[in-house]
Amino acid sequence: MDFLNPWWRGRLEENPHLTRWAETPVRGVPSFVYEVELEPYALHFLFGPRQVGKTTAPSLLVKRLV
């Protein structure tokens, strides 16, 4: 099943969202990446308009945790 998730293979660089983020001239990291509560049973919702980084931000969080 590791073909479904590049993090299981240790290949963060395969994430297209992180690749595009790394190629942009101005890179911002949302503050919640450092402030989100990760204790068991924590539930978070991430919503917002199109093209604002809703997928990239959790990818940055996973990269920080790995």
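Q: Would you mind showing me how to read the overall build of the chain here?
A: On a plain count of helices and strands, the chain comes out with three helices and zero strands. In the chain, the order of α-helices and β-strands from amino to carboxyl end is α-α-α. Burial statistics for the chain: of 66 residues in total, 18% are counted as buried. Long-range pairs, those at least 24 residues apart, make up 60% of the contacts in the chain between residues at least 6 apart in sequence.

Q: Would you take a moment to explain the side chain of Thr56 for this structure?
A: One can find Thr56 in helix H3 (residues 56–65). Judged by its relative accessible area of 15%, Thr56 falls in the buried class. For Thr56, the residues in contact, after removing those within four places along its chain, are His17, Leu18 and Trp21.

Q: What exactly am I supposed to notice about H3 here?
A: One full turn of an α-helix is made of 3.6 residues, so residues set three or four places apart face in the same direction. For H3, the full list of buried residues reads Thr56, Ala57, Ser59, Leu60 and Leu61. Buried residues along H3 sit in contact with helix H1 (16–23) and helix H2 (32–35).

Q: How should the confidence of the model for the chain be read in this particular structure?
A: In this model, the chain carries an average pLDDT of 78, and 80% of its residues clear a pLDDT of 70 or more. Mean pLDDT values over the elements of the chain span from 79, in H1, up to 81, in H3.

About the cut-offs
Residues numbered from 1 in each chain as written. Predicted model: local features only at pLDDT ≥ 70, side-chain atom pairs only at ≥ 80, totals over all residues. Heavy atoms only, no water. Helix = DSSP H or I, 4+ residues; strand = E, 2+ residues; numbered from the N terminus. Buried < 20%, exposed > 50% of the residue type's maximum accessible area, 1.4 Å probe, protein only. Contact = heavy atoms within 4.5 Å. pLDDT = per-residue confidence, 0-100.

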